[in-house]
Amino acid sequence: MLFFSHPACLEHDPREGLYGHPEQPGRLRAIEGALAARDWLGWERREAPAASEEELELVHPREHVEGIRELCRSGGGAIDGDTYAGAASYEAALRSAGAACAMTRALVAGEAQAGFAAGRPPGHHAEPSRAMGFCLFDNVAVAAALAIAELGVERVFILDWDVHHGNGTAEIFRRRADVLFASIHQGGIFPGTGALGDAGSGPGEGFTLNLPVPAGSGEDVWLSLLEDRVLPAAAEFEPQLVLISAGFDAHRDDPLAGCRLEASSFARMAGLVRTAAEDWGAPVGAVLEGGYNLEALTDSVIATMAALAGDE
Ligand SMILES: [Zn+2]
């Protein structure tokens, strides 16, 4: 099992420009502190390389990459009311995407059956040409595109269990049939996309699965959608690589949304994905997205990693 991160990811701090911002360095510090206290669950730690701009350009136009780079070089600032990039944010974003890419390379090379890429800023709201929702580049999408473009993978399944719809990832792969994107998310909250009827378009029709749930939904709802809808669709797709956009803001204690999962719920979801992926012969890599109550976040990350490793 492989855990990827980098100290530069602690230097990105949206609170510099957006007062009281919940996506702050303490999230990653709490995760790493809790893991260190548990001897990293026996996982091997690796330092994330910086993603190359060529890798980012697998899913983002060059103008977007250059725009973020130049904003950071000039000292940074708020991009919108939620999204900030400061002087240190470009390196953090490269390492965050690089964690997902390095994990994917290692998984595809057969170095491990499971990985966790713990970078920040998160990624799944970043659209091809637009940073939004705390996200600058779409880390999980870059990794999936890399697997297909350079690593010989033909089919990638992305499960997005962050409580918010992964609009960026959905948009990037909307017209593609080589990435199955499935998202379970709370309906009616940010970013407002991800309606049940949106199944992708053109050649990608049928390769997007949006499953909004109402506020207050708990483990029974989330697990039944995963077991009855998502995993059967993924089994039919026969993925060679599974990536989880792993946000933990569907936890009952999260301040940004209204679902009611527990840390153990994430372990159950991860366990179901792990068991299914074993049947498909596919490795599983989780990429950190949201999760804003530090205790809920760390408990949920640890539960997820333990389940991915097959620990009881
Ligand atoms: Zn989220």
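In the block above lies the structure referred to throughout.
These numbers come from a predicted model, not from an experiment.

Quick word on the overall build of the protein
Along the backbone of the protein there are 9 helices and 10 strands. On C-alpha atoms alone, the protein measures out to a radius of gyration of 17 Å, which is about the 20 Å that the 2.2 N^0.38 rule sets for 312 residues. Taking the principal axes of the C-alpha coordinates as reference, the protein spans close to 50 × 45 × 40 Å. A total of 312 residues make up the protein; the buried ones form 59% of that total. Accessible surface, the protein as shown: approximately 11200 Å² in total, 47% of it carbon and sulfur. For the protein, the distance from the average site of its 22 positive side-chain charges to the average site of its 46 negative ones is 2 Å.

Quick word on the coordination of the zinc ion
The protein atoms that coordinate the zinc ion are Asp162 (OD), Asp162 (OD), His164 (ND1) and Asp249 (OD), at distances of 2.0 to 2.7 Å. One way to put it: the 4 donor atoms around the zinc ion meet at angles of 53 to 154°, and that makes the site irregular. Written as a sequence motif, the donor arrangement for the zinc ion is D-x1-H-x84-D. The two residues Asp162 and His164 agree in class, both being buried.

As for the packing of aromatic side chains
Applying the stated rule across the entire model yields 9 aromatic pairs. Ring centres 5.9 Å apart and planes at 50° place the aromatic pair Trp161 and Phe266 in the tilted group. With a gap of 105 residues between them, Trp161 in the loop between strand 6 (156-160) and helix 6 (167-173) and Phe266 in helix 8 (residues 263-280) connect regions that are remote in the sequence. For the pair shown, Trp161 and Phe266 are each scored as buried. Put simply, the rings of Phe3, Trp40 and Phe116 pair up and form one aromatic cluster. For Arg45, the ring lying beneath its charged end belongs to Trp40, and the centroid distance is 3.8 Å.

Cut-offs applied
- Residues numbered from 1 in each chain as written.
- Predicted model: local features only at pLDDT ≥ 70, side-chain atom pairs only at ≥ 80, totals over all residues.
- Heavy atoms only, no water.
- Helix = DSSP H or I, 4+ residues; strand = E, 2+ residues; numbered from the N terminus.
- Rg over C-alpha atoms; globule rule 2.2 N^0.38 Å.
- Buried < 20%, exposed > 50% of the residue type's maximum accessible area, 1.4 Å probe, protein only.
- Areas by Shrake-Rupley, 256 points an atom, 1.4 Å probe, with all protein chains shown as cover.
- Lys, Arg positive; Asp, Glu negative; His and termini not counted.
- Charge placed at Lys NZ, Arg CZ, Asp CG, Glu CD.
- Donors = N, O, S within 2.8 Å, 3.2 Å for Na, K, Ca; no water.
- Tetrahedral: all angles 85-135°; square planar, octahedral: opposite > 155°, others 65-115°.
- Phe/Tyr/Trp six-rings, centres within 6.5 Å; stacked < 30°, edge-to-face > 60°.
- Lys NZ or Arg CZ within 6 Å of the ring centre and 35° of its normal.

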